[in-house]
Amino acid sequence: MHNPVSSHRPVRKMPLWFKFSVCAALLALCAITWGILFTEKLVDVVEKQLVALRQKEIEKAYSYTSAEFQKTVSLDQFRRFIQAYPIFQQSQSAHFATRTLQDQVAILRGKLTSPDLVRTSVEYQLVKEKKKWRILSMQLLQPGIGPGFEEEREEESLVVPPLPVCVPLPETNFSSD
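Here is a short report on the structure shown in this document. No experiment lies behind these values; they were computed from the predicted model shown.

Parameters and conventions
- Residues numbered from 1 in each chain as written.
- Predicted model: local features only at pLDDT ≥ 70, side-chain atom pairs only at ≥ 80, totals over all residues.
- Heavy atoms only, no water.
- Buried < 20%, exposed > 50% of the residue type's maximum accessible area, 1.4 Å probe, protein only.
- Helix = DSSP H or I, 4+ residues; strand = E, 2+ residues; numbered from the N terminus.
- Arc of directions from axis to C-beta.
- Salt bridge = Lys/Arg side-chain N within 4 Å of Asp/Glu carboxyl O.

1. Looking at helix α4 (residues 75-84)
(1) Moving on: For α4, the set of buried residues is Phe78, Phe81 and Ile82. Down the axis of α4, the smallest arc covering the buried residues is 95 degrees, so these residues share one side.

2. A word on the pattern of salt bridges
(1) Moving on: Inspection of every chain in the model, using the stated rule, returns 5 salt bridges.
(2) Moving on: A salt bridge links Arg79 to Glu59; the nearest nitrogen and oxygen atoms lie 2.7 Å apart. Here the residue Arg79 occupies a position in helix α4, and Glu59 occupies one in helix α2 (residues 58-63), the gap between them amounting to 20 residues.
(3) Moving on: Overall, the relative accessible area of 24% leaves Arg79 in the partly exposed class.
(4) Moving on: Judged by relative accessible area, Glu59 falls into the partly exposed class, the value being 45%.
(5) Moving on: The residue Asp76 makes a salt bridge to Arg80 at a minimum N-O spacing of 2.5 Å. Residue Asp76 and its partner Arg80 are both found in helix α4; the two are separated by 4 residues, about one turn of the helix.
(6) Moving on: Given the relative accessible area of 46%, Arg80 is considered partly exposed.

3. Some remarks on unusual backbone geometry
(1) Moving on: With phi around 50 degrees, Asp103 is a residue other than glycine that occupies positive phi space.
(2) Moving on: Mapping Asp103 onto the fold places it in the loop between β1 (93-102) and β2 (105-113).

Pasting the structure below:
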């Protein structure tokens, strides 16, 4: 007769380093997924602004900016900036590869792609106001060359001073006369 017990092999345990590696990989995957989901709303605000700009709805695009931005940049200044850099109105897509959060300011860095597939590097900074993300600044990091660009410009932006804003004190005469 055949003895069924003799064909039984001992079960090998997984090495501890393998278990640790699997746990670390799962933790990293969870962190990346959380980061993408968390920053998706940031991208949504910028995407909504770009859609409004493509539809030539400048006032609506301006409404996605923060109160601090609007104190510093008037609607007319915003309109002139957008007209000077047509990539904002003509972009067919936007991709933000870098998403960071520093001191309550979210920073998105990526590229806008024009219909003729020219990519322009941009940076958006956003802040939360009343539980909604709003655009604090928008900056062309590497403007493209094309119609309306006589020469390449190093950097063009609508940037609000970093928070907190330093406010100059009224002039005071400290002389002893």
